[in-house]
Amino acid sequence: RRACRSAHRRSRPIARDFHPIAQVFWLGKMLASSLRAKGCKGTTVARATAATTTTGGWTPRTTTRVAGSRAGGTSAKNGAWIRTSRRGASRNQTAMSVQLSQDELKKQAAWKAVEYVKSGMRVGLGTGSTAAFAVARVGELLSNGTLTDIVCVPTSVATQQQAESLGIPLATLDEVPKLDVAIDGADEVDPALNVVKGRGGALLREKMVEMASDSFVCIVDETKLVSGLGGSKLAMPVEIVQFCWKYNLERLRSLEEVAGCEAKLRMDGDAPYVTDNSNYIVDLYFEEPIKDSYAAAKAISALEGVVDHGLFLDMVTTCIIAGSDGVIVKEK
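Calculation criteria
- Along each chain, residue indices are assigned from 1 in the same order as the chain's sequence is written.
- Given that this is a predicted model, residues contribute local features only at a pLDDT of at least 70 and side-chain atom pairs are listed and counted only at 80 or more, while totals for whole chains, interfaces and linings are drawn from all residues.
- Water and hydrogen atoms were dropped before computing side-chain values, which therefore reflect all heavy atoms in the structure.
- Going along the chain from the N terminus, every DSSP run of H or I of four or more residues is numbered as a helix, and every run of E of two or more is numbered as a strand.
- Throughout this description, buried means an accessible area under 20% of the type-specific maximum (1.4 Å probe, protein chains only), exposed means over 50%, and partly exposed covers the range between.
- The contact criterion used is simple: two residues touch if any of their non-hydrogen atoms lie within 4.5 Å.
- Pairing between two strands requires that DSSP report at least two bridges joining them.
- Working convention: axes come from line fits to C-alpha atoms, limited for helices to the stretch in contact. Angles between N-to-C directions cover 0 to 180 degrees.
- Whether two aromatic rings pair depends on their centres lying within 6.5 Å, for rings of Phe, Tyr and Trp, where Trp uses its six-membered ring; planes under 30 degrees apart make the pair stacked, over 60 edge-to-face, and the rest tilted.
- Each ring is checked for a lysine NZ or an arginine CZ that lies within 6 Å of its centre and within 35 degrees of its normal; such an atom marks a charge sitting over the ring.
- A clockwise path from the first strand over the helix to the second, with the strands pointing away from the viewer, defines a right-handed crossover.
- In these notes the angle categories are as follows: under 35 degrees is roughly parallel, over 145 is roughly antiparallel, 65 to 115 is roughly perpendicular, and the rest is oblique.
- Handedness of a helix crossing follows the sense of rotation of the near helix relative to the far helix, less than a right angle counterclockwise being left-handed and clockwise being right-handed.
- Given the number of residues in a helix, its expected span is that number minus one, multiplied by 1.5 Å.
- The salt bridge criterion pairs a side-chain nitrogen of Lys or Arg with a carboxyl oxygen of Asp or Glu, the two atoms within 4 Å.
- Just so you know the grouping, Ala, Val, Leu, Ile, Met, Phe, Trp, Tyr, Cys and Pro go in nonpolar, Asp, Glu, Lys and Arg go in charged, and all remaining residues, Gly too, go in polar.

Colleague: Just give me the short version of the overall build of the protein, but keep the residues and values in it.
Modeller: Within the protein, the secondary structure is distributed over 10 helices and 18 strands. In the protein, buried positions account for 46% of the 332 residues. Contacts in the protein between residues far apart in sequence, at least 24 positions, make up 72% of those at least 6 positions apart.

Colleague: Account for the sheet that holds strand β16 (residues 311–312), with residues named and values stated.
Modeller: Read across the sheet, three strands follow the order β7-β8-β16 without closing on themselves; strand pairing throughout is antiparallel. Strands at the two margins of the open sheet, each flanked by one partner only, are β7 (188–189) and β16. Strand direction decides the pairing type here: strand β8 (residues 195–196) and β16, joined by two bridges, are antiparallel. When the sheet's bridge partners are listed, Val196 is paired in β16 with Leu311.

Colleague: Describe in detail the sheet that holds strand β11 (residues 262–265), supporting the description with residues and values.
Modeller: Paired through backbone hydrogen bonds, the strands of a sheet run either parallel or antiparallel to each other. Pairing is antiparallel across the open sheet formed by four strands, whose spatial order is β11-β14-β10-β15. The sheet is open, and its two borders are formed by β11 and β15 (306–309), each paired with just one other strand. Between one strand axis and the next, the sheet turns through 25 degrees on average, direction left out of account. When strand β10 (residues 236–240) meets strand β14 (residues 280–285), the two strands line up antiparallel, connected through five bridges. Within β14, the position partnered with Val238 by the bridge is Val282. Docked against the sheet, helix α8 (residues 203–211) engages β10, β14 and β15, running at close to 65 degrees with respect to β15.

Colleague: Tell me about the packing of aromatic side chains, residues and numbers included.
Modeller: For the structure on display, the rule yields one aromatic pair. Taking the centre distance of 6.5 Å and the plane angle of 75 degrees together, the rings of Trp245 and Tyr280 count as edge-to-face. One end of the pair, Trp245, is in helix α9 (residues 245–253); the other, Tyr280, is in strand β14, and 35 residues separate them in sequence. When the ring centre of Phe312 is taken as origin, the NZ or CZ atom of Lys207, which lies over that ring, is 4.8 Å away.

Colleague: Describe in detail the pairing of strand β5 (residues 151–154), supporting the description with residues and values.
Modeller: A two-sided burial pattern is seen for β5, the buried positions comprising Val151 and Val153 on one face and Cys152 and Pro154 on the other. A crossover links strand β4 (residues 122–125) with its parallel partner β5, the connecting element being helix α6 (residues 129–143), and its sense is right-handed.

Colleague: Residues and numbers for the packing of helix α5 (residues 102–114) against α6, please.
Modeller: Look at α5 against α6: their axes get within 8 Å of each other, and the N-to-C directions meet at 50 degrees. Between α5 and α6, the crossing angle belongs to the class labelled oblique. For the pair α5 and α6, the crossing hand works out as right-handed. Across the interface between the two elements, Asp103, Lys106, Lys107, Ala110, Trp111 and Val114 of α5 pack against Ser129, Thr130, Phe133, Ala134, Arg137, Val138, Glu140 and Leu141 of α6.

Colleague: Which residues make up α5, and what values do they have?
Modeller: Between its first and last C-alpha, α5 extends 19 Å over 13 residues, near the 18 Å set by a 1.5 Å rise per residue. Buried residues of α5: Leu105, Lys106, Gln108, Ala109, Ala110, Lys112, Ala113 and Val114, and no others.

Colleague: Lay out the pattern of salt bridges with the relevant residues and their values.
Modeller: Taken as a whole and judged by the stated rule, the model has 13 salt bridges. Across the pair Arg251 and Glu304 runs a salt bridge, and its minimum N-O distance is 3.0 Å. Of this pair, Arg251 sits in helix α9 while Glu304 sits in the loop between α10 (293–301) and β15, and the two are 53 residues apart along the sequence. With a relative accessible area of 16%, Arg251 lands in the buried category. Within the structure, one salt-bridge network assembled from shared partners comprises Asp184, Lys197 and Glu206.

Colleague: Talk me through the packing of α6 against helix α7 (residues 157–165); I want residue IDs and the actual numbers.
Modeller: Orientation of α6 relative to α7, taken along the N-to-C sense of each, is 25 degrees, at an axis distance of 9 Å. By the angle class used here, α6 and α7 are roughly parallel. The handedness of the crossing between α6 and α7 is right-handed. Across from Ala132, Val135 and Ala136 in α6, the residues of α7 making contact are Thr159, Gln162 and Ala163. Class assignment for the residues of the contact of α6 with α7 results in four nonpolar, two polar and no charged.

Colleague: Outline α6, supporting the account with residue identities and numerical values.
Modeller: The first and last C-alpha atoms of α6 sit 22 Å apart over 15 residues, in line with the 21 Å expected at 1.5 Å per residue. For α6, the set of buried residues is Thr130, Ala131, Ala134, Val135, Arg137, Val138, Gly139 and Leu141. In the stretch just after α6, Gly145 is the one whose phi turns positive, near 85 degrees.

Colleague: Mind laying out the environment of Glu210, listing which residues take part and the relevant values?
Modeller: Tracing the backbone through its elements, the reader meets Glu210 in helix α8. Residues Glu210 and Gly126, spaced 84 residues apart in sequence, show a C-alpha to C-alpha distance of 8.7 Å. Those residues within four positions of Glu210 in sequence are excluded, and the remaining contacts are Ala182, Asp184, Lys197, Phe216, Phe312 and Met315.

See the structure below:
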């Protein structure tokens, strides 16, 4: 222990200026030197160095706070997402930290979202990798008796199959036309909580279920935050009928409201991708965020042959964002 303290004291003035990984090796080197001077064996040095690497002086933790709070995190201000942090916290957490995986972040957001589900509610279940964690959590709470007397409406065949495997009672909008809450992920979220959805192919059913819900809780990790919709340069999907799909693809490409976009038919191997509703999807790609999402949504919907699009505007009531700093809840 004396050797460790001695090595640490001697390394501090220099190691703090190095990259975090270099700090570990510097401390290990100084520790080894001290231990050798005291006649310690090499195996002891290896264990001590490994322990330093593993702990790193920081333990991951999850906090829940409102966006823009003084505690730090991600918030929207003046039409843009900004980062806020506690004084000195970002430096300490960046130095030597254990980063949460994207799946772990999605799970955190999904579990927080399920807190909005109460016994007796009618619930919309979303589609996608993030929503799958919420479906699993609902099934878990039903099985242990925490939730009772709920009925869920799935937004895709995949979600229906997952929910059935967990014993979740299901219905359709024909049977339950009004829902209390819907929980779903998103592909992009702008500062006004408008979102792009549908890269998983379920945009039509997702929009129907979420429009039928009193509240829509959107769950994302911080990688989905954009300054404007289309800003990720990834697909903004449009579901179209199969009939004359090339004709509709060209009309979408030439719309003034989405000028400059690239339009591509979504493929599944060598064949066009087919949705649960037996339709095709045209994916629009943008180099810059869409200038006016409302005008674009209106123009796209006006085309005959278009079933629906992935712009979900003024629909999200609560957005739960999971990031390396914790979970942030932003209300509309």
